[in-house]
Amino acid sequence: MRKDFILRTSKTDILRVSAFGLKNISSSPCVIMVHGFKGFKDWGFVPFTAEFLSNSGFFVLTFNFSHNGVGESLTEFTELDKFAENTFSLEISELSEMIDAYNSGFFGETQNSRIGLIGHSRGGAIALLTAAEKSEVSAVVVWACVSDFDRYSERQKQKWREEGVFWVLNTRTNQVMNLNVSLLEDLEKYKDTKLNIESAVKNLNKPLLIIHGEQDLAVPFNEGELLFSLSDKSKTEFLPVTAAGHTFDIKHPFEGSNPKFDTVLNSTLTFFNKHLK
């Protein structure tokens, strides 16, 4: 069973949230899923994963970042003005507010304060950075996670500053989407502090599962290997997925699971059963 919520942040932005497994909220751990760049809570594997975990005894929250570009339509990028203004710091603050809302009883009263995060791609890095700062997070799973936010050449950055925008193509929708220079300024201002993924992984001190497809073209497999090399091996597991790409061969609209994604799901469930229950 799924129930939708609207959460207003401290900046009065709107987070659209879906809760799965409400019958589990009073006593079960919570898992919060964090979508990546050009992602959203109703994309492909997200609802399927939430149903899978809620049927396995967890309370699960999925949500859209306020500036991910998807508005009331839930599946279309209709808020490109907000997409352009998004920053990494904003996403970290919004995930933190999601955690606070759960603990404050916004979604329903709970007696279980244990929280796990699942982050895909850029969302994996947001999950890691948030978990490093939030003691409420007990365990983290990252799928196809980036190891660095700085994915732009110096030439691209120079042009970005000169024009004030950086254009990206959404190959699924064929929309040309722009990013304002505020994203670059956020990265350059905080790259050595609150946006330092390397430091967050080194200092995480929590159970971490890194899952990465060996044929990921969007976020190369060696980024997953790098994250593992930085981590505390006594608390970290690394699962390569053979012949899998960035979304483990799952498409949007969702057409069903496959053996590769089944491996991702079952490994994630085993990890959370071990570290959250």
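Here, every reference points to the structure presented above.
My aim in this report is to walk through the structure given alongside it, one point at a time. (Residues numbered from 1 in each chain as written. Predicted model: local features only at pLDDT ≥ 70, side-chain atom pairs only at ≥ 80, totals over all residues. Heavy atoms only, no water.)

According to the stated counting rule, one finds two cavities of 30 Å³ or more in the structure shown. Reported here for the largest cavity is a volume of approximately 70 Å³. Taken together, His35, Gly36, Phe37, Lys38, His67, Asn68, Phe83, Asn86, Glu91, Arg122, Leu179 and Leu183 make up the lining of the largest cavity. For the lining of the largest cavity, the per-class residue count stands at four nonpolar, five polar and three charged. Taken as a whole, the second largest cavity spans an internal volume of roughly 40 Å³. Contributing to the lining of the second largest cavity are Val201, Lys202, Leu204, Asn205, Lys206, Leu208, Ser231, Asp232 and Thr236. (1 Å grid on protein atoms, 1.4 Å probe; cavity = no way out; pocket = protein on both sides within 12 Å on 5 of 7 lines; lining within 4 Å. Points joined across faces, edges and corners; volume = space filled by probe spheres on them. Nonpolar A, V, L, I, M, F, W, Y, C, P; charged D, E, K, R; others polar.)

So, on to unusual backbone geometry. Leaving glycine aside, a negative phi is the common case for residues, and trans is the common case for peptide bonds. Residues histidine 252 and proline 253 are joined by a peptide bond in cis, for which omega reads 0 degrees. Of note, proline 253 is situated in the loop between β10 (236-241) and α9 (259-275). Not every positive phi belongs to a glycine, and threonine 12 is a case in point at roughly 70 degrees. Position of threonine 12 among the secondary structure elements: in the loop between β1 (2-8) and β2 (14-20). The backbone of asparagine 205 shows a phi angle near 55 degrees, a positive value even though the residue is not glycine. (Helix = DSSP H or I, 4+ residues; strand = E, 2+ residues; numbered from the N terminus.)

Bringing the pattern of salt bridges into the picture now. Taken as a whole and assessed by the stated rule, the structure comprises 13 salt bridges. A salt bridge links lysine 134 to aspartate 100, with the nearest nitrogen and oxygen atoms 2.7 Å apart. Of this pair, lysine 134 sits in the loop between α4 (122-133) and β6 (137-143) while aspartate 100 sits in helix α3 (residues 88-103), and the two are 34 residues apart along the sequence. We classify lysine 134 as buried; its relative accessible area is 12%. By relative accessible area, which is 36% here, aspartate 100 ends up partly exposed. Between arginine 151 and glutamate 223 there is a salt bridge, and its shortest N-O distance comes to 2.5 Å. Of this pair, arginine 151 sits in the loop between β6 and α5 (154-163) while glutamate 223 sits in helix α8 (residues 221-230), and the two are 72 residues apart along the sequence. Here glutamate 223 falls in the buried class, since its relative accessible area comes to 10%. What emerges from the salt-bridge pattern is a single network uniting Arg2, Asp4, Lys41 and Asp42. (Salt bridge = Lys/Arg side-chain N within 4 Å of Asp/Glu carboxyl O. Buried < 20%, exposed > 50% of the residue type's maximum accessible area, 1.4 Å probe, protein only.)

With that settled, consider the sheet that holds strand β3 (residues 30-34). On the basis of which strands lie adjacent, the open sheet formed by eight strands has the order β1-β2-β4-β3-β5-β6-β9-β10 and mixed pairing. Edge positions in the sheet fall to β1 and β10, since each has one partner strand and no second. Adjacent strand axes in the sheet meet at a mean angle of 20 degrees when their direction is disregarded. As paired strands, β3 and strand β5 (residues 115-120) are joined by five bridges and run parallel to one another. Across the sheet, the residue bridging to isoleucine 32 is leucine 117, located in β5. (Pairing = 2+ DSSP bridges. Axes fitted to C-alpha atoms, helices over the stretch in contact; angles between N-to-C directions.)

A few words on the environment of glutamate 72. Within the secondary structure layout, glutamate 72 lies in the loop between β4 (59-64) and α2 (80-85). Residue classification places glutamate 72 among the exposed positions, given a relative accessible area of 68%. Residues glutamate 72 and asparagine 55 lie 17 residues apart in sequence; the distance between their C-alpha atoms is 27 Å.

All quantities given are derived from atomic positions and should not be read as evidence of function.
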